[in-house]
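An overview of the molecular structure
The residues making up each chain are set out below.
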Amino acid sequence: MLFRNETRPASDFDPDNLPYYNPEIDRRVCFITGGNSGIGFYTVLHLYIHGFIIYVGGRSKQKTESAFREIRNQAKIRRGKLTLRQLDQQYLGDLKFVHLDLLDLKSVCNAVVQFKTREKYLNLLVHNAGIMAVPYSKTKDDFEIQLQTNYISPFLITDRLVNLMEHPDVKDPRIVYVSSIGHRFAVLPINLGFDFPYKPNILFTFLRYGHAKTAGIHMAKTIAKRHPTILSVSVHPGFVMNTNLFSHFTRLPFIGTLFWIFFQLFGFFFGVSNEEGSYSTLKCGVSNDLNRDEDNGKYFATFGVETTPSRIAEKDQYSLDDWGWTVSELQRRGFQITN
Ligand SMILES: NC(=O)c1ccc[n+]([C@@H]2O[C@H](COP(=O)([O-])OP(=O)(O)OC[C@H]3O[C@@H](n4cnc5c(N)ncnc54)[C@H](OP(=O)(O)O)[C@@H]3O)[C@@H](O)[C@H]2O)c1
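In this text, all values refer to a predicted model and were calculated from it rather than measured experimentally. (Residues numbered from 1 in each chain as written. Predicted model: local features only at pLDDT ≥ 70, side-chain atom pairs only at ≥ 80, totals over all residues. Heavy atoms only, no water.)

Topic: the overall build of the chain
Along its length, the chain carries 14 helices and 8 strands. On C-alpha atoms alone, the chain measures out to a radius of gyration of 19 Å, which is about the 20 Å that the 2.2 N^0.38 rule sets for 339 residues. A principal-axis box enclosing the C-alpha atoms of the chain has dimensions of 60 × 45 × 40 Å. Considering the chain as a whole, with its 339 residues, one finds that 58% of them fall into the buried category. Contacts in the chain between residues at least 24 apart in sequence constitute 79% of all its contacts with a sequence separation of at least 6. For the chain, the accessible area works out to roughly 15500 Å², and carbon and sulfur atoms hold 54% of it. One finds the centroid of the 39 positive side-chain charges in the chain at a distance of 5 Å from the centroid of its 33 negative side-chain charges. (Helix = DSSP H or I, 4+ residues; strand = E, 2+ residues; numbered from the N terminus. Rg over C-alpha atoms; globule rule 2.2 N^0.38 Å. Buried < 20%, exposed > 50% of the residue type's maximum accessible area, 1.4 Å probe, protein only. Contact = heavy atoms within 4.5 Å. Areas by Shrake-Rupley, 256 points an atom, 1.4 Å probe, with all protein chains shown as cover. Lys, Arg positive; Asp, Glu negative; His and termini not counted. Charge placed at Lys NZ, Arg CZ, Asp CG, Glu CD.)

Topic: the nonpolar core
If you look at the biggest cluster of nonpolar residues, it comprises 42 residues, and the most contacted ones within it are Phe31, Leu122, Leu161 and Leu330. Counting residues per element, the ones that place at least two in this core are β1 (29–33), β2 (53–58), α5 (105–118), α6 (145–161), β5 (174–178), α7 (201–226) and α14 (316–332). In terms of residue count, α6 provides more of this core than any other element does, 7 residues in total. Apart from residues lying up to four places away in sequence, Phe31 is in contact with Tyr55, Gly57, Val98, Phe115, Leu122, Leu124, Leu125, Val126, Ile157 and Leu161. (Core = buried A, V, L, I, M, F, W, Y, C linked by side-chain atoms within 4.5 Å.)

Looking at the state of the cysteines
Overall, the coordinates contain 0 disulfides when judged by the stated rule. Cys30 carries a free sulfur, and the closest cysteine sulfur to it, the one in Cys284, is 13 Å from it. Residue Cys30 is classed as buried on the basis of its relative accessible area, which comes to 0%. In this structure Cys284 comes out as buried when scored by relative accessible area, which is 0%. (Disulfide = S-S within 2.5 Å.)

Topic: the site of the ligand
What surrounds the ligand is a group of 30 residues, the closest being Asn36, Ser37, Asn128, Val240 and Thr243. Measuring from an oxygen atom of the ligand, one finds a backbone N or O atom of Gly34 at 3.4 Å. Side-chain polar atom of Lys63 to an oxygen atom of the ligand: 2.9 Å apart, as the coordinates give it. Protein contacts shield 95% of the accessible area of the ligand, which totals 890 Å² for the unbound molecule. Those elements that place two or more of their residues in the shell around the ligand are α2 (38–49) and α7. Broken down by class, the residue content of the shell around the ligand amounts to 13 nonpolar, 13 polar and 4 charged. (Near = heavy atom within 4 Å. Polar contact = N/O pair within 3.5 Å; in protein donor to acceptor, adjacent residues only side chain to side chain. Nonpolar A, V, L, I, M, F, W, Y, C, P; charged D, E, K, R; others polar.)

Overview of the UniProt feature "transmembrane region" (unreviewed entry) in the chain
Mapped onto this structure's residue numbering, the UniProt feature "transmembrane region" (unreviewed entry) falls at residues 252–272. As a span, residues 252–272 carries 76% helix and 0% strand, and end to end its C-alpha atoms are 24 Å apart. (UniProt positions renumbered as here; feature names shortened; annotations may be inferred.)

Considerations on a nonpolar patch on the surface
Taken together, Phe254, Ile255, Leu258, Trp260, Ile261, Leu265, Phe268, Phe269 and Phe270 make up a surface patch of nonpolar side chains, about 1100 Å² in accessible area. Looking at the secondary structure, you find Phe254 in the loop between α8 (247–250) and α9 (255–270). (Patch = residues over 30% accessible without salt bridge, like charges linked within 9 Å, V, L, I, M, F, W, Y side chains within 5 Å. Salt bridge = Lys/Arg side-chain N within 4 Å of Asp/Glu carboxyl O.)

What about the sheet that holds β2?
Sheet architecture is open: 8 strands sit in the order β3-β2-β1-β4-β5-β6-β7-β8, paired in mixed fashion. The sheet is open, and its two borders are formed by β3 (94–99) and β8 (305–307), each paired with just one other strand. When the angles between neighbouring strand axes are averaged without regard to direction, this sheet yields 25°. Contacts from helix α3 (residues 61–79) reach β2 and β3 within the one sheet, and its direction differs from that of β3 by about 170°. Contacts between α7 and the sheet are confined to β4 (124–127), β5, β6 (231–235) and β7 (299–301), with β5 contributing the most and set at about 165° to the helix. (Pairing = 2+ DSSP bridges. Axes fitted to C-alpha atoms, helices over the stretch in contact; angles between N-to-C directions.)

Quick notes on the packing of aromatic side chains
Taken as a whole and judged by the stated rule, the model has 22 aromatic pairs. Ring centres 5.5 Å apart and planes at 45° place the aromatic pair Phe185 and Phe206 in the tilted group. Here Phe185 is found in the loop between β5 and α7, whereas its partner Phe206 is found in helix α7, with 21 residues between them in sequence. The exposure class of Phe185 is partly exposed, given its relative accessible area of 41%. Ring plane angle 35° and centroid distance 6.1 Å describe the contact between Phe262 and Phe266, whose orientation is recorded as tilted. Taken together, the residues Phe262 and Phe266, both in helix α9 and 4 residues apart, mark about one turn of the helix. (Phe/Tyr/Trp six-rings, centres within 6.5 Å; stacked < 30°, edge-to-face > 60°.)

Structure follows, in C-alpha cells:
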C-alpha cells in the first residue's frame, strides 16, 4: 500500500536511548525553525533534555518564550522521575530565541546574522517550520506563500549556515528537512515557478504544498551530494492531527467544526501524537544509528523508518532542476547563493 510505511510503521524508537551530551564538555549547537508549537515543540524538548544548545527561529518572541517556559517545566517533570545515577549522566542544554519570519527573506538573512554573532559553529540544522492548506497568495519577495515558507527560506538559511557546519572540528554535522507524506501530491515534475494560482483552494493548495515539500526533499538530497561531510536527510513526521498545521480549515466559519471532527477521527485511526511526530526528526538529527556514509540524502517516515519518497522526489535530474531554478530566482532578487 502506498502510505503503509509512512503512517504507523512498527518501531522500537525511543528518544531516551539517544545520546546525552554534557554542554560543558561536548557543546552541541542546534538551529531549528518553528519550535514553539506542534512537532517542533517536542523536538526542542527532547534536544534540550539531551543537552543541546538550541536556537529557535520564530516570528513571535512572546509565543516562543512561553513555549520555553513549558519546555523547562516538562523537562523538570521528566527529570523528576529519573534515578540519581541517570541524573548524573543527563544534562540540560539551553534555549535561545532568534527572530525569524520565513515570509520575509530579509528577516531570514538577519536571523542568520544574529545566530552567527553568537555562535561560531553549528552541529544540527532542523527545517521544521511549515504551513499547509492556506489560500494562494504571494509574499513580499514574490514567491508563492507555501513555497517560500516550506522551501525557499529553508534553502537560503541552509546556504548561509552550511559553512558553519563544515569545519573539521564540528562533530557529526546534520541537516534535517521536515517534509511530508503530502510531497506525493506533486504528481508532475513541474518547474517551481509554476505555482497553481487556481481555485478551489481545497484542491490546488495541496498541489502547492506537495511541490514545496518535494523541493525540500530535493534540497536535502542535493546538499548531501554537494556537502558530503554533512548528513542531510528529509523526514515525514507522521499524521499529527493536533498541531496548528490544519488551522486554516478548522477555523473556517461553520464547516470548520466538521473539518476538526474529521481530522480527529482520521488521527485516531492513522495518526500519531505530537510527541511521536518529533521522533523521525530526533532519530535523524541525533541517533548514532545513522551515518553520512550510508544514509546521506535519504528520506525517513514516521518514527524515523527509512522509506522511498515519490518518483519525482527521488529523481536526481529534478533535484538539479529545482536547485538551478532556486539559485537563479534568489539571485534575481539580490540574494547571492555561495554554497
Ligand atoms: N502535522 C502533520 O500531520 C504533519 C505531517 C507532515 C508534515 N508536517 C510538517 O511538520 C512541520 C511542523 O508542523 P506542525 O504540524 O508541528 O504544525 P504547527 O503546529 O503549525 O507548527 C508550525 C511551526 O512553523 C512556524 N511557522 C510557520 N510559518 C512561519 C514563518 N513565516 N516564520 C517562522 N515560523 C513559521 C509556526 O510558528 P507560528 O506559531 O508563529 O505560526 C510553528 O512554530 C511542518 O513543516 C509541516 O509541514 C506535519
